[in-house]
Amino acid sequence: SWRVFVLGGTADVNGEGRSGGKFDDRIGVLNLAKQYVWDEPPLEMDEDDDNRPMPREHSAVCYDREESRLILFGGWSNKWLDD
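Residues numbered from 1 in each chain as written. Predicted model: local features only at pLDDT ≥ 70, side-chain atom pairs only at ≥ 80, totals over all residues. Heavy atoms only, no water.

Trainee: Quick rundown of the overall build of the chain? Include the residues and the values.
Mentor: For the chain, the helix and strand inventory stands at 0 helices and 7 strands. Secondary structure elements in the chain, listed N-terminal to C-terminal, are β-β-β-β-β-β-β. For the chain, the C-alpha atoms occupy an extent of roughly 35 × 30 × 20 Å along the three principal directions. Buried positions account for 20% of the 83 residues belonging to the chain. Per element, the accessible surface of the chain, about 6,700 Å² overall, is 49% carbon and sulfur. Here the chain contributes 10 positive and 18 negative side-chain charges, whose respective centroids are spaced 6 Å apart. (Helix = DSSP H or I, 4+ residues; strand = E, 2+ residues; numbered from the N terminus. Buried < 20%, exposed > 50% of the residue type's maximum accessible area, 1.4 Å probe, protein only. Areas by Shrake-Rupley, 256 points an atom, 1.4 Å probe, with all protein chains shown as cover. Lys, Arg positive; Asp, Glu negative; His and termini not counted. Charge placed at Lys NZ, Arg CZ, Asp CG, Glu CD.)

Structural data, given as structure tokens:
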């Protein structure tokens, strides 16, 4: 079935709006089957893994079906990223 992937964003932790928040690195998946189901699967890497993407917002994500992986590009984390 079709799925929508969402990575990161900014969480308002202090009630100050977006600028008072912290960057997030969680992945959200919305399954668009007959009944919509939201899931937050864990990343398959440790918190201290150098390959783990840094928390960010405004990034692009696409799914590589042949390799069964998500590819992440760019975003903002107090600077524009080009990774």
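Additional details are given in the paragraphs that follow.
Trainee: How would you summarise the packing of aromatic side chains if you had to cite specific residues and measurements?
Mentor: Enumeration according to the criterion identifies 2 aromatic pairs in this entry. Ring geometry for Phe5 against Tyr63: centres 6.1 Å apart, planes inclined by 10 degrees, an arrangement best described as stacked. Linking Phe5 in strand β1 (residues 3-11) with Tyr63 in strand β4 (residues 60-64), this pair joins segments that are 58 residues apart in sequence. The partly exposed category is assigned to Phe5, whose relative accessible area is 31%. What makes Tyr63 partly exposed here is its relative accessible area of 45%. Ring geometry for Trp76 versus Trp80: centroids 5.1 Å apart, planes at 65 degrees, classification edge-to-face. (Phe/Tyr/Trp six-rings, centres within 6.5 Å; stacked < 30°, edge-to-face > 60°.)

Trainee: How would you explain the pattern of salt bridges if you had to name every residue and give the values?
Mentor: Enumeration according to the criterion identifies 5 salt bridges in this entry. For Arg56, the salt bridge identified is with Asp83, shortest N-O distance 2.9 Å. Pair noted here: Arg56 is in the loop between β3 (37-39) and β4 and Asp83 is in the segment after β7 (80-81), with a separation of 27 residues, a long-range link. For Arg56, a relative accessible area of 1% corresponds to the buried category. Salt bridges here are not isolated pairs; linked through shared partners, they connect Asp24, Arg26 and Glu40. (Salt bridge = Lys/Arg side-chain N within 4 Å of Asp/Glu carboxyl O.)

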